[in-house]
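Structural overview for review
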Amino acid sequence: MYIAEIRNKLVQGDKKIADVTNDVLKSVEGKMTRGWMFGFAISFVFLMLMVWALYNTVTVGIGTWGVNKTVFWAWDITNFVFWVGIGHAGTLISAILLLFRQKWRMAINRSAEAMTIFAVICAAIYPLFHMGRVWLAYWVLPLPNAFGSLWVNFNSPLLWDVFAISTYFSVSLLFWYLGLIPDIATIRDRAKSKVSKAVYGFFSMGWNGSTRTWHRYEIVALILAGISTPLVLSVHTIVSFDFATSVIPGWHTTIFPPYFVAGAIFSGFGMVLTLLIIARKILNLESYITVNHLDAMTKVIMLTGSMVGLAYLTEFFIAQYSGVQYEQYAFLNRATGPFAWAYWTMMFCNLVAPQVFWFKWSRTTPWFIFMMSIVVNIGMWFERFVIIVTSLHRDYLPSSWVLYMPTFTEVALFLGTLGLFFTCFFLFVRYLPIINMAEVKSIINDRE
Amino acid sequence: MAAKNILKKNLLIGIFDDGDKLYDAVVNLRERGVEVFDCYTPYPVHNLDRAMGVKRSRLVFGAFVCGLVGFLCGITLQLYTMTDTFGTFKSWPMIIGGKPIDWRVIPSFVPVTFELTILFTAFGMGILFFARSRMVHGIEEDLIDIRQTDDRLVLAIEPDKLSMTKEELETIVKNQGALDFYERNLNNTDENK
Amino acid sequence: MGHHYITQLPNERYKFSKRGRLVTGFLMIVGLLIAGFGALRLQDSWQADNHSSELHENPHTDNYNSENHIASTHAENVDHHSSTHVENHSEGHHSTGWLSRVWAAFLVNAYYFFLFAVGGLFFVAVNYVANAGWATLIKRVAESMSSYIPIGFVLLMAAVYFGGEHLYEWLYYNNHKADLPADHLLDDKKWFLNRNWLYIAPIIFVTIWYALRTVIRRLSLKEDHEGGLMFFNKSIRFSAAFIVIFAFTFSVFSWLIMMSIDPHWFSTIFSVYNFAIMFVSSVTVITFITIFLKGQGYMNLVDEEILDDLVKFMFGFSIFWAYIWLAQFLLIWYANLPEESIYYYERWVAKYYPFFVANILMNFFLPFLVLIARYAKRNKYITLFGGILILVGHWLDIYLMVMPGVVGEKAGIGPLEIGFGIFFLGLFCYVLRHSLSKADMYPKNHPFVLESANHEVGP
């Protein structure tokens, strides 16, 4: 394929094919480092916090949460949407960027997809445990009822969510695993110990790199990308339907689907940057995840941030324009009511702050991008909080107006899912290659 | 993967360390009328499949069929449970949110139908891919070179269909930049290890 | 490697032949004649109609009454404003004479072709910003489409200035307040729905777009002569500026020109919906022009690899359009708030229901099935078939946005609508071909032009 001279090299530092394997597998084949043990231990402690919070929730009840009447959804759904949103970058990077033939995705798609899977697991915890009797969770599946012809309600956006999230999880897992097979085979063939040879051998499914298989493999990857792209859009669209199909002022607005999707990509890229900037430093992968990669990702952040900003302004405008006083009040209340601090945090973090990426320096300075990625994560968390809580805490009757404060159990649950997420990520870094070696080898002399 | 076939074959092997060289070698050999049995590479070499003359796989069609099945399953499940289309409402028509209980409720079915279409397509195609490539958990791999999943590229040619002598072939392949060239009787499974 | 790359580009320039001029001129004249014929016929039939039923001064009355009956059963919980809106409709629309339909037909076509022009510019800008190389060879096609912006905009604004009272109920209301029953909702919206905004804002927006377009075009032409990366780098910056400005201003533009036709109704996704129409139809137009030019013996470097990708865009953005359509429809359908669902009730009357269904079929289902296969994307005739579905479909789409709000059920698709369509087609083609002949076919010093010439789609 002809590539213009002015494009940057994707892999820097004159790497050879063998170097890719050696560099990437260092974290898998080498000894456990102190940093890894330390990070893993901390994450694990937080994971235990989650276990405690869930135990408390199940044994005592949902009363341990701060949700009340009329704020019947708050912390849990905020975090659910937050995690699902983070889970969007992975498939976006591997699917949409594959369709658009953006080769810079190849160095980052593996870790982003892993992140997707872990984030979706974290997300699923919230609605599952909000059900109260979590052991009856299988009731959301379309199983025939033993006592009559009563089925699940396919009119309910919450049920759509069940299908969307589970499809998203399983298809992402398949996509991720498919991408892993050649790399697992590489580890298998280099493995010294019998155990790892057997385990990696089991998961490599006898891969030997035949060109005929590669041919099919590339077609399958392309089609998976083709169907994952609408899937990614559909998942956050359906999450947005949870709100937008209702008639709650501030929730029922038709721009929600694309706006949630843009926000999800925005937050997902924020988290990818947070993780990758640390990972590339610690694992010495700066030749693969280069500054050019960070540059491209910050541009996506800027783009999606502006899209989200456009949606904020559109919502605000249409609320005024609609002439519906409840709608007008809902948005006024967001900006000036008791949760105004959350609203303006969101506005600053999502709309204003990413505009700094118009400057080249800010797109190419890793520590600065790292700080900004945290800002984005905070902003997107607050976006969900603002949407959910401010619309609920002012009911139609002023006598039902309430406030919302999270309880310790809720905070512990959130910190706990962070622990779960990072525990999974540390395990992933230790046992699987963080960069898709096969793909990177194919572009080793290539330009972006 | 053609993996099981290798075991019974006697193959001429060229070892490369660069995708471009292997690609050129394959093009060159095919121009001289030598059919390539297969290449084993650690990464997908761009256009190597075309150079080898691999026919475009019809997996896409399989995927389409799987998607169609998923679509039909999704829509049937929902029509069956939520509407009276199949005459299944014996006792509990579910009238929720004022939504109709006949086909007019179709907009509500769009999300789930869509998700099931995607789910069936993805997994159907995954299964087809694994089946077609004869890949399954726990299968024993057939490697010609232990580094063919790492940094070596393997060119494999069947000697019995050769239109030239092995020596001629060796010269060509080595001129194309092969690091090594040898014949390997893969009937002897010990040697494969 | 054994590849043979193209490293030299032939010099090609489109020649706008005399025959071409004649054909486009002929199209314009014939279009106007057909439209004029349609208008005359319409005038007759309209008067005949009104004589036969003098009580029905306003054709809207019946139609709205029946709809409101459906809608108002759900209206119990609606606040004051929305219920006034429902009543107001039944009390009558504004002056709906036969001229309303003429202006509406004119607006549909003027807006549609204007979207092509803006879409062409957007396509160029997006390719710069995304550092995309594959479409460089057809860049001049998209660029030339944007040369239609000024004339197209003048015609669009002509409809707004001269047909404003026919097209926009709120404008009529504002101008004739004394004679009309009060409409609180329209009074409330005066801060946005007023004459100044409508007359001035679009001019400001489009002037900015066209100024940026002029800069980008000039840079590109200079690059042809002088070479060097400077022009390319500058173009990226101007394109980024354009995209940001465009996103915000196009939203307001679409609310003013299109959404305010139904002034009581609102939808936050409306601007995105218009954007989707713009992008998918202009990509289709780019494909058509490319195929047309190839048929005339130009653009031999553009092979099916580039066309394949263009058709993928048509295919992909048809799905995107369907997604946005569904987002708007499903949410309004599901929540069924009367002030919102009135929009679809108006489009579910017998007159429009076939169009409503055709809209989804022609813009999503049929192109999806026609264009999904790889061979379809590489076959000129299948591509053209799918593209015609998309283009006619989106014409219908805009028709459905405009007509019910302007003329109620007194609509139809006759010589009027088609005639204006032919007129605009002729005009658009004339401007486009004129602009194409002004510059080299290939931007030969563009840094990505060889990438485009050697483009491969891959697996």
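Residues numbered from 1 in each chain as written. Chains lettered and ligands numbered in written order. Predicted model: local features only at pLDDT ≥ 70, side-chain atom pairs only at ≥ 80, totals over all residues. Heavy atoms only, no water.

With respect to the overall build of chain A
Looking only at helices and strands, chain A has 16 helices and zero strands in total. In terms of principal-axis extent, the alpha carbons of chain A reach across some 70 × 55 × 45 Å. The proportion of buried residues among the 448 residues of chain A is 65%. Partitioning the contacts of chain A with sequence separation of at least 6, the portion at a separation of at least 24 is 82%. (Helix = DSSP H or I, 4+ residues; strand = E, 2+ residues; numbered from the N terminus. Buried < 20%, exposed > 50% of the residue type's maximum accessible area, 1.4 Å probe, protein only. Contact = heavy atoms within 4.5 Å.)

Concerning the state of the cysteines
All names here are of chain B. Taken as a whole and assessed by the stated rule, the structure comprises zero disulfides over all chains. The structure places no disulfide on Cys-73, whose sulfur is separated from the nearest cysteine sulfur, that of Cys-66, by 11 Å. When its relative accessible area of 36% is taken as the criterion, Cys-73 is described as partly exposed. (Disulfide = S-S within 2.5 Å.)

Let's talk about the nonpolar core
Membership of the largest hydrophobic core comes to 361 residues, with the highest contact counts inside it found for Trp-83 of chain A together with Phe-253 of chain C. Domain assignment of the residues forming this core places at least three in each of domain 1 (11-56 + 152-191) and domain 2 (59-132) of chain B. Of all hydrophobic cores here, the second largest spans eight residues; its members include Leu-11, Ile-13, Val-154 and Ala-156 of chain B. (Core = buried A, V, L, I, M, F, W, Y, C linked by side-chain atoms within 4.5 Å. Domains from an automatic or database assignment.)

Considering the environment of Trp-251 of chain A
Residue and element names in this part refer to chain A. With respect to the helices and strands, the residue Trp-251 is situated in the loop between helix H8 (211-244) and helix H9 (256-282). Given a relative accessible area of 3%, Trp-251 falls into the buried group. Residues Trp-251 and Ile-387, 136 residues apart in the sequence, show an inter-C-alpha distance of 7.2 Å. Contact partners of Trp-251, with chain neighbours within four places excluded, come to Trp-73, Phe-243, Ala-244, Ser-246, Phe-256, Ile-387, Ile-388, Ser-391 and Leu-392. Side-chain polar atoms of Trp-251 contact the backbone oxygen of Ile-387, separated by 2.8 Å. (Polar contact = N/O pair within 3.5 Å; in protein donor to acceptor, adjacent residues only side chain to side chain.)

Some words on the pattern of salt bridges
Under the definition given, this model contains 32 salt bridges over all chains. The shortest N-O distance in the salt bridge between Asp-23 of chain A and Lys-15 of chain A comes to 3.0 Å. Taking relative accessible area as the criterion, Lys-15 of chain A reaches 22% and is therefore assigned partly exposed. Through salt bridges with shared partners, one network takes in Arg-101 of chain A together with Glu-304, Glu-305, Asp-308, Asp-309, Lys-312 and Arg-378 of chain C. (Salt bridge = Lys/Arg side-chain N within 4 Å of Asp/Glu carboxyl O.)

Thoughts on the interface of chain B and chain A
Listed per partner, the contact involves 65 residues of chain B and 58 residues of chain A. For the pair chain B and chain A, the summed buried surface comes to about 5800 Å²; carbon and sulfur atoms form 68% of the total. Arg-212 of chain A is paired through a salt bridge with Asp-38 of chain B; the nearest N and O atoms lie 3.8 Å apart. The tally of links between chain B and chain A comes to 20 residue pairs in polar contact (both at pLDDT 80 or more). (Buried area = accessible area lost by both parts, 1.4 Å probe.)

Topic: the packing of helix H11 (residues 325-336) of chain A against helix H12 (residues 340-352) of chain A
Each packed pair of helices is defined by two parameters, the angle between the axes and the distance between the axes. Residues and elements named next belong to chain A. As a packed pair, H11 and H12 sit with axes 5 Å apart at the nearest point and diverge in direction by 85°. With respect to H12, the axis of H11 lies roughly perpendicular. Here H11 contributes Arg-334, Ala-335 and Thr-336 to the contact with H12, which in turn contributes Ala-340, Tyr-343 and Trp-344. Here the contact of H11 with H12 is composed, by residue class, of four nonpolar, one polar and one charged. (Axes fitted to C-alpha atoms, helices over the stretch in contact; angles between N-to-C directions. Parallel < 35°, antiparallel > 145°, perpendicular 65-115°, else oblique. Nonpolar A, V, L, I, M, F, W, Y, C, P; charged D, E, K, R; others polar.)

A closer look at the pairing of strand E1 (residues 10-16) of chain B
Residues and elements named next belong to chain B. Counted residue by residue, E1 has six buried out of seven residues, so it is predominantly covered. Two elements, E1 and strand E3 (residues 153-157), share five bridges in a ladder whose sense is antiparallel. Within the sheet, the bridge partner assigned to Leu-12 lies in E3 and is Ile-157. (Pairing = 2+ DSSP bridges.)

A look at the interface of chain A and chain C
On the chain C side, the residues contacting the 42 residues of chain A number 52 residues. Roughly 4200 Å² of surface becomes buried between chain A and chain C when both sides are summed, with 71% attributable to carbon and sulfur atoms. Between the two partners, chain A and chain C, sit one salt bridge. Its salt-bridge partner being Asp-309 of chain C, residue Arg-101 of chain A comes within 2.1 Å of it at the nearest N-O pair.

Side note on the packing of aromatic side chains
Going through the model one piece at a time under the given rule, you end up with 113 aromatic pairs over all chains. For the pair Phe-317 of chain A and Trp-191 of chain C, a centre-to-centre distance of 5.6 Å together with 70° between the ring planes defines the contact as edge-to-face. One end of the pair, Phe-317 of chain A, is in helix H10 (residues 291-322); the other, Trp-191 of chain C, is in the loop between helix H9 (184-188) and helix H10 (195-226), on a second chain. Classification of Phe-317 of chain A by relative accessible area gives buried; the value is 16%. Among the residues examined, Trp-191 of chain C registers a relative accessible area of 41% and is labelled partly exposed. In this structure, Arg-334 of chain A packs its charged tip against the face of Phe-331 of chain A, placed 4.6 Å from the ring centre. When the ring centre of Tyr-334 of chain C is taken as origin, the NZ or CZ atom of Lys-99 of chain B, which lies over that ring, is 4.3 Å away. (Phe/Tyr/Trp six-rings, centres within 6.5 Å; stacked < 30°, edge-to-face > 60°. Lys NZ or Arg CZ within 6 Å of the ring centre and 35° of its normal.)

Some remarks on the environment of Ile-6 of chain C
All names here are of chain C. Relative to the helices and strands, Ile-6 resides in the segment before helix H1 (18-52). Ile-6 sits in the partly exposed class, given a relative accessible area of 28%. Residues contacting Ile-6, with those up to four places away along its chain left out, are Leu-301, Leu-450, Ala-453 and Asn-454.

Describing unusual backbone geometry
Glycine aside, negative phi is the norm for most residues, and most peptide bonds take the trans geometry. Cis peptide bonds are those with omega within 30 degrees of zero, and the linkage from Lys-69 of chain A to Thr-70 of chain A qualifies with 20°. Within the fold, Thr-70 of chain A resides in the loop between helix H2 (34-60) and helix H3 (75-86). The backbone phi angle of Met-299 of chain C is positive, close to 55°, even though this residue is not glycine. Tracing the backbone shows Met-299 of chain C in the loop between helix H12 (270-295) and helix H13 (304-335).

Concerning the pairing of E3 of chain B
All names here are of chain B. Counting buried positions along E3 yields five of five residues, so the element is predominantly enclosed. Bridge count for strand E2 (residues 38-40) against E3 is three bridges, and the pairing is antiparallel. Residue pairing in the sheet places Tyr-40 in a bridge with Val-154 of E3.

Overview of H11 of chain A
Within an α-helix, residues lying three or four positions from one another point in the same direction, as the helix has 3.6 residues per turn. The terminal C-alpha atoms of H11 of chain A lie 16 Å apart, and with twelve residues this matches the ideal 16 Å at 1.5 Å per residue to within 8%. The complete set of buried residues in H11 of chain A reads Glu-327, Ala-330, Phe-331, Asn-333, Arg-334 and Ala-335 of chain A. (Expected span 1.5 Å × (residues − 1).)

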